[in-house]
Amino acid sequence: MEKKSALTKDFPTPMTVWVPMLLALTLPIFYFYYGRYNSYERFFSSPGAEATLSPYLFEWIFAIVLFGIVPLLASIGLLGTKPKESGFSLGSFSKIWLIFLLSMALIILYAWGAARFYEFQEIYPRYKLIGMENDGIVMIYYTTLIIAILFREFFFRGFLLQALKVRLGGWGAIIFTAAISSPLYLNGSPVESTLAIPLNLIFGWIAYKSGSVFYTAILSALWFIAIDWFIILGI
């Protein structure tokens, strides 16, 4: 009987492991230091000028390129996998519907409570700027935000998790992606920084069980939009 090769279709080739690992260790660091809004503030500020949403808009555009276009090119061009294999599909909602709905409720409650704390109002000042822009700019901002969040989830909960789960196992991939993505939530708030780890573990479990990144993208976008509008409306 012919001996079965170690590199069969049941196991990833080294490239399908090392390409995701290399991107996992470089892209988040690059985004943390060069992709956030404060990297662009100096380009849109001048003495006496009013603050605008532009630095935040460029932050999300940077995230789309870094967490969307780069891993998509790597996935299709280097690894030969289709986007739906990395979570760009509806997946199986029946496996996660209860946890998903509970997570939505908890995130709304979390945003409602956080909107009352000064430390969060300092971290999320976007609500102060929304009133200075016209409706078209605000719509562009939120559209770009949602697309950026979708691609960020694709990178962490799709591209990385789906590629690494074969070697690390389900929970191994969930823990690894949570550890890699959690530092992006270190915004100076002890509460948010502490909750980042369990939230990313829950997001990883939802993405793993459903096989989709859309549900965690909805939850993440819900947080950003809810905390803005809880503060704006003073609810």
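The rules we used
Residues numbered from 1 in each chain as written. Predicted model: local features only at pLDDT ≥ 70, side-chain atom pairs only at ≥ 80, totals over all residues. Heavy atoms only, no water. Helix = DSSP H or I, 4+ residues; strand = E, 2+ residues; numbered from the N terminus. Expected span 1.5 Å × (residues − 1). Contact = heavy atoms within 4.5 Å. Phe/Tyr/Trp six-rings, centres within 6.5 Å; stacked < 30°, edge-to-face > 60°. Buried < 20%, exposed > 50% of the residue type's maximum accessible area, 1.4 Å probe, protein only.

Draft legend 1. Main features of helix H8 (residues 214-233). With 20 residues, H8 ought to run about 28 Å at 1.5 Å a step, and its terminal C-alpha atoms sit 28 Å apart, in line with that. Directly beyond the C-terminal end of H8, a positive phi value near 65° is found at Gly-234.

Draft legend 2. Quick peek at the side chain of Thr-177. Structurally, Thr-177 can be placed in helix H6 (residues 135-181). When residues no more than four places from it in sequence are discounted, the contact partners of Thr-177 are Phe-156, Leu-160 and Leu-161.

Draft legend 3. Looking closely at the environment of Pro-198. Note that Pro-198 resides in helix H7 (residues 190-210). Each C-alpha atom, one on Pro-198 and one on Pro-71, is 25 Å from the other, the two residues being 127 residues apart in sequence.

Draft legend 4. Seen up close, the packing of aromatic side chains. The final tally for this structure, using the stated rule, is 21 aromatic pairs. Geometrically, the ring pair formed by Phe-32 and Tyr-33 is edge-to-face, given 5.3 Å between the ring centres and 80° between the ring planes. Here Phe-32 falls in the partly exposed class, since its relative accessible area comes to 27%. The exposed category is assigned to Tyr-33, whose relative accessible area is 56%. Measuring from ring centre to ring centre gives 5.7 Å for Phe-93 and Phe-100, while their planes differ by 80°; the resulting arrangement is edge-to-face. What makes Phe-93 partly exposed here is its relative accessible area of 33%. Look at Phe-100 and you get buried, because its relative accessible area is 6%. Pairwise contacts between aromatic rings join Phe-30, Tyr-31, Tyr-34, Phe-62, Phe-67, Phe-155, Phe-156 and Phe-159 into one cluster.

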